[in-house]
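Here is how the chains run, residue by residue.
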Amino acid sequence: MHLTEDDLILHYYGELDTADAARAGDHLRECATCHGSFTTLQRVLAAVDSTSPVEVTESFERTVWARLQPELERGPRSRWLSWFVLSPARLAWVAAVAILVVSAFFAGRVTQKTVPTNEVQTADASKALRERILLTDLGEHLDRSELMLAELVGGDPADRANVIAQRARAEELVADNRLYRQTASANGNTALAAVLDDLEQVLVDVAASPDSVSAADWETVRQRIDNKGLLLKVRVLSLEVQKRQKAQIRSRAGQSS
Amino acid sequence: MPQTDAATVALARDGDSEAFRALVERHSRAVYRLAHRMTGSAADAEDVVQETFLKAYRQLSRFESRANFSTWLHRIAVNCSIDLIRSRPHRESGHDAEDLDHMGSENQVHGHASPERLMLSTEVQDRVTRAMASLSVMERAAFALRHFEGQSIDEISRALGLKTNATKHSIFRAVKKMRVALEPLVSAD
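Residues numbered from 1 in each chain as written. Chains lettered and ligands numbered in written order. Predicted model: local features only at pLDDT ≥ 70, side-chain atom pairs only at ≥ 80, totals over all residues.

**Focus on the overall build of chain A**
A count of helical and extended segments in chain A gives eleven helices and zero strands. Traced from its N-terminal end to its C-terminal end, chain A shows the element sequence α-α-α-α-α-α-α-α-α-α-α. For chain A, with 257 residues in total, the buried portion stands at 29%. Contacts spanning at least 24 positions in sequence make up 74% of the contacts within chain A whose residues lie at least 6 apart. (Helix = DSSP H or I, 4+ residues; strand = E, 2+ residues; numbered from the N terminus. Buried ≥ 20, exposed ≤ 12 C-beta atoms within 10 Å, placed from the backbone. Contact = placed C-beta atoms within 7 Å.)

Here it is, written out as structure tokens:
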């Protein structure tokens, strides 16, 4: 009697008990049909193995911990709040609204002036309000990041209080930055995503730093900021957001006059 | 000498954050790989890792010290992955048999027509990705844990909360789908 396909799979994974494995081995030596099926199974699963492994960066554990630690220190949230803050649905919501911000940011889109009906007018006003709030959030995030970078570049590693302060600031910024970065990336805004990615690497490194940092480590972070022109890029983004905010204000002023 | 998971969990349970950090460092790669296989996305896998360790931290008191921490963690990761997959706007695994049959017939043509090794490996990669996407979440979890992580069927059953037979059948179905997708390619010598 031939071996079933299920038997062959169990045999391949070494899941048959000793006696059954010996019987299967004997049968495969004698039966060309089952041997052929087993060879094909081996090739199929070897092909699965030949595919690219899941890539994990060298600093993966450090990054995970830097993102996790502030959440752990915040302690358990209430059930609904935990769902809202951490669930995929929340991320989708944040992504949706952040796409709005990023789209508005790059397209330079401001509120439409035409208001054909009251309903549309209300919807537009609500959307404009939301965009204003979100642009403010993004602007604030960039301002705080810029400040942190500036203090890192100009700071002294021997100043323990400054190290601890910058670390706390980085911990606060890293989760928001990640959402903006993921959204920009998903939205195809590679330029913005690249800046936010560079920024995130610095934030993660700083967030994961110990209370006392060696001068060499401090210098490495500084060089990374310098080499990528990160401070300047963040400043430019921040100014761009401010410009959009002013354009919105002018637009609103134009509508109300 | 590094501590065992059981000893490290005991310390973490008493509020030692460095002990929990050690657990994160020890297990986060494996959780990420599993989540990536489950969700098919790096960004989603990052979210699953974050959510898994947060849940683990908050449920440490429920972890039974005689159990295997890694198995327990994998169970949380699988549940987080399932939650994330189900929250996606369009349901997955809607293409099972028909798509795989289609992939099989494509292979009959392209498998012989693309003898270059590089093209073949790209094609294999593509077929595996599509076949993985065609698996149900349980099939995907069971197959990923068995095939990529090398866990035994008993361990997988505990991680997924399934009976042994149900785990076996999930693996059987997954392997058969892989076979439909890849057999014409690998037998085209």
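Next comes the rest of the write-up.
**A short note on the overall build of chain B**
In terms of helices and strands, chain B carries nine helices and zero strands. The proportion of buried residues among the 189 residues of chain B is 43%.

**Description of the environment of glycine 229 of chain A**
All names here are of chain A. Here glycine 229 is to be found in the loop between helix 10 (215–227) and helix 11 (230–256). According to the C-beta neighbour criterion, glycine 229 is partly exposed, with 13 such atoms within 10 Å. Through-space distance from the C-alpha of glycine 229 to that of aspartate 198 is 9.8 Å; in sequence the pair is 31 residues apart.

**A short note on the interface of chain A and chain B**
Many descriptions give the size of an interface as the accessible area lost when the pieces come together. Facing 31 residues of chain A, the contacting portion of chain B comprises 40 residues. Among the elements of the structure, helix 1 (5–12), helix 3 (32–49), helix 4 (60–74) and helix 6 (88–107) of chain A are those that each provide at least two residues to the side of chain A that touches chain B. Take the side of chain A that touches chain B: its biggest share by element is eight residues, from helix 4 of chain A. When grouped by side-chain class, the residues that make up the side of chain A that touches chain B number 19 nonpolar, five polar and seven charged. (Nonpolar A, V, L, I, M, F, W, Y, C, P; charged D, E, K, R; others polar.)

**A word on the packing of helix 8 (residues 160–186) of chain A against helix 9 (residues 190–207) of chain A**
Residues and elements named next belong to chain A. Running from N to C, helix 8 and helix 9 point in directions that differ by 155°, and their axes come no closer than 8 Å. For the element pair helix 8 / helix 9, the angle class is roughly antiparallel. Between helix 8 and helix 9 lies a crossing of left-handed hand. Packed against helix 8, whose contacting residues are Gln166, Arg167, Ala170, Glu171, Leu173, Val174, Asn177, Arg178, Tyr180, Arg181, Ala184 and Ser185, the element helix 9 presents Leu192, Ala193, Leu196, Asp197, Leu199, Glu200, Leu203, Val204, Val206 and Ala207 at the interface. Across the contact of helix 8 with helix 9, the residue classes break down as 13 nonpolar, three polar and six charged. (Axes fitted to C-alpha atoms, helices over the stretch in contact; angles between N-to-C directions. Parallel < 35°, antiparallel > 145°, perpendicular 65-115°, else oblique. Left-handed = near helix turned anticlockwise from the far one by under 90°.)

**Describing the confidence of the model for chain A**
Residue and element names in this part refer to chain A. Per-residue pLDDT for chain A averages 75, and the proportion of residues at 70 or more is 74%. Per-element averaging of pLDDT across chain A places helix 5 (residues 79–86) at the bottom with 40 and helix 1 at the top with 95. A low-confidence stretch, residues 108–115 (pLDDT under 50), is modelled with 16 contacts involving residues beyond four sequence positions or located in other chains. (pLDDT = per-residue confidence, 0-100.)

**Focus: the nonpolar core**
In this structure, Leu203 of chain A together with Ala35 of chain B are the most contacted members of the largest nonpolar core, which totals 89 residues. Here the element with the most residues in this core is helix 9 of chain A; it accounts for ten residues. Sequence-distant contacts of leucine 203 of chain A, defined by excluding residues within four places in its chain, comprise Ala170, Leu173, Val174 and Asn177 of chain A. (Core = buried A, V, L, I, M, F, W, Y, C linked by C-beta atoms within 7 Å.)

**Considerations on the packing of helix 1 (residues 5–13) of chain B against helix 2 (residues 17–39) of chain B**
Residue and element names in this part refer to chain B. Two elements in contact, helix 1 and helix 2, have axes separated by 7 Å at closest approach and are oriented at 135°. On the basis of their axis angle, the class for helix 1 and helix 2 is oblique. Crossing of helix 1 over helix 2 shows left-handed handedness. Contacts from Thr8, Val9, Leu11 and Ala12 in helix 1 reach Ala19, Phe20, Ala22 and Leu23 in helix 2.

**So, helix 2 (residues 18–30) of chain A**
Given a rise of 1.5 Å per residue, 13 residues ought to cover 18 Å, and the 19 Å separating the end C-alpha atoms of helix 2 of chain A matches this to within 8%. Of all 13 residues making up helix 2 of chain A, only zero are buried, and the element is barely covered by its neighbours. (Expected span 1.5 Å × (residues − 1).)

**Focus on the environment of serine 70 of chain B**
All names here are of chain B. You can see serine 70 is positioned in helix 4 (residues 69–87). Distance in space between the C-alpha atoms of serine 70 and histidine 27 is 7.2 Å, their sequence separation being 43 residues. Not counting residues up to four positions away in its chain, the partners in contact with serine 70 are Asp5 and His27.

**Notes on helix 1 of chain A**
Among the residues of helix 1 of chain A, those classed as buried are Leu8, Ile9, Leu10 and His11 of chain A. Looking at the buried residues of helix 1 of chain A, the elements they touch are helix 2 and helix 3 of chain A together with helix 9 (164–186) of chain B. Looking one or two residues past helix 1 of chain A, glycine 14 of chain A carries a phi angle of roughly 70°, positive in sign.

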